[in-house]
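# Tertiary structure, described
The residues making up each chain are set out below.
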Amino acid sequence: MVVWGSLGVVLARVFLGGGVLVLRGAERIINILLIAVVLMVWWQRQGEMSSWQDRALWLTILFQGFLGLDDLIFRGILGVPNVIPLVFQVGGYEVDRRHAMSVALAAVILATLLARLLADRREKERLASEFEAAGVIQRLLLDKALLSQPGLTLEAIYAPAQEVGGDFYYVLAGQLVVVGDVSGKGLKAAMLVSLVVGALRMITSRHPGEVLAALNRAVAGQADGGFVTCACVRFDPGGVVTVANAGHLSPYLNGTEAAVDTGLPLGLVPDTMYAESTLALAPGDSITLLSDGVVEAENPKRELFGFDRTREISGKSAQEIAQAAKAWGQNDDITVVTVRRNS
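Attention in this report is confined to the structure presented alongside it. (Residues numbered from 1 in each chain as written. Predicted model: local features only at pLDDT ≥ 70, side-chain atom pairs only at ≥ 80, totals over all residues. Heavy atoms only, no water.)

## Things to note about the nonpolar core
L212 and L215 are the most contacted members of the largest nonpolar core, which totals 28 residues. Elements supplying a minimum of two residues to this core: β4 (167-172), β5 (176-182), α6 (186-200), α7 (208-219), β6 (228-236) and β7 (240-246). In terms of residues, this core owes the most to one element, α6, which gives seven residues. If we ignore the near neighbours within four places in the chain, the residues touching L212 are C230, C232, A244, N245, A246, L266 and Y274. In this structure, V179, V233, L253 and L279 belong to the second largest nonpolar core, which totals 22 residues. (Core = buried A, V, L, I, M, F, W, Y, C linked by side-chain atoms within 4.5 Å. Buried < 20%, exposed > 50% of the residue type's maximum accessible area, 1.4 Å probe, protein only. Helix = DSSP H or I, 4+ residues; strand = E, 2+ residues; numbered from the N terminus. Contact = heavy atoms within 4.5 Å.)

Structure, rendered in structure tokens:
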């Protein structure tokens, strides 16, 4: 505020001049107020002024305010002789003291604003670099292992809306596929994803319901008011598929939404138990797990991709489903996992 007030004084001097008595009187009042504000702010923020730009700015504003009080004020009231003449010669030209100080003040303000702009740019570049590193770490955490059962082909696509995302998928022990979505976006959601993936690696059970119950206990109290939707699917020989669902989108079986029991999202109630549902995957069949980033893709007309379009393309490959949602208009993390039984 002091910077812009001082800049206003500079502009008033440049465009209005100092020859009108009324303006001169108003200028004295402005300078007195300016000195008072600068001294007050300097006293309150002296510990925060670490850069030379800050110190130069405040000193220049203060000096400019004192010099703005002309000889009458200095000699008549303060009794201090004015050692800087009102007009002095520079290269054969007469330069008014007030105008020279106004130019100096404007130069210091410009230098300070440029320095802060460059510092802000460097900070944004640093944050972007850290987010990029976090994204790399997150992609390394997501296990891309294949299913160990012969005859099954797994394809997974993970496309975060930002540098890091709140979606995840994980293949546990080559037999279970876990797909989840953390509420929220950005670094906070990514940290919760890391917690979930770390907990998954410690789980020894191979029953989808027990896996979700263990994850729920790990997440409870750690989500900071958020939650995690999650689906866990186990693939057994003979095409038997066991599903447990914690508030996640139901899987699609051959283009049709599968009827499976659904429990509460992870992180809401610590002792929640999750029921298991059984499906049959015949040769040639496919099952698709995806996050709501597909359904909630939104085009420029604010139209959602929706459940009908999702159901129509759910039998396609993970790559095709993700590309269709992104082309429609991605505004959330998109994760698609398809498992096809070849024989």
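Back to the text.
## Some remarks on the sheet that holds strand β11 (residues 286-290)
Spatially, the five strands line up as an open sheet ordered β3-β12-β11-β8-β9, and their pairing is antiparallel. The open sheet is flanked by β3 (152-159) and β9 (256-257), the only strands paired with a single partner. Note: strand β8 (residues 252-253) against β9, two bridges, orientation antiparallel. Its bridge partner lying in β9, L253 is registered against T256. (Pairing = 2+ DSSP bridges.)

## Quick word on the sheet that holds strand β10 (residues 276-280)
Sheet architecture is open: five strands sit in the order β4-β5-β6-β7-β10, paired in antiparallel fashion. Two strands in the sheet have a free side with no partner beyond their single neighbour: β4 and β10. Put simply, the sheet's adjacent strands are angled 20° from each other on average, direction ignored. Pairing of β4 with β5 involves six bridges; the strand directions are antiparallel. Residue pairing for β5: Y169 is matched across the bridge by V179. The sheet contacts of α6 involve β4, β5 and β6, and relative to β4 the element is tilted by about 10°. (Axes fitted to C-alpha atoms, helices over the stretch in contact; angles between N-to-C directions.)

## So, a nonpolar patch on the surface
Among the surface-exposed residues, F227, L264, L268 and V269 lie close enough to one another that they form a single nonpolar patch of about 310 Å² accessible area. Within the element layout of this structure, L268 appears in the loop between β9 and β10. (Patch = residues over 30% accessible without salt bridge, like charges linked within 9 Å, V, L, I, M, F, W, Y side chains within 5 Å. Areas by Shrake-Rupley, 256 points an atom, 1.4 Å probe, with all protein chains shown as cover. Salt bridge = Lys/Arg side-chain N within 4 Å of Asp/Glu carboxyl O.)

## Focus on α7
Taking 1.5 Å of rise per residue, the 12 residues of α7 would be expected to cover 16 Å, and the 16 Å separating its terminal C-alpha atoms lies within 8% of that figure. Most of α7 is tucked away: nine of the 12 residues are buried. Listed as buried for α7 are P208, G209, V211, L212, A213, A214, L215, N216 and V219. Looking at the packing, one finds that the buried side of α7 touches β4, β5, α6, β6, β7 and β10. Looking at the residues trailing α7, positive phi occurs at G221, about 85°. (Expected span 1.5 Å × (residues − 1).)

## A closer look at unusual backbone geometry
In the Ramachandran plot, A173 falls in the positive-phi region, its phi being about 55° despite a non-glycine side chain. Tracing the sequence through the fold places A173 in the loop between β4 and β5. In this structure, R302 is a non-glycine residue whose phi angle is positive, near 70°. Of note, R302 is situated in the loop between α8 (292-295) and α9 (306-313).

## Points about the pattern of salt bridges
A full pass over the atoms with the stated rule returns three salt bridges. Of the charged contacts in the structure, one is a salt bridge between R302 and E298, with a shortest N-O distance of 2.3 Å. Judged by relative accessible area, which is 65%, R302 ranks as exposed. Using a relative accessible area of 23% as the deciding quantity, one classes E298 as partly exposed. A salt bridge links R311 to D308; its shortest N-O distance comes to 2.9 Å. Of the two residues, R311 and D308 are both situated in helix α9; the distance of three residues between them amounts to about one turn of the helix. For R311, a relative accessible area of 36% puts it in the partly exposed group.

The values reported here are purely geometric and, on their own, carry no functional implication.
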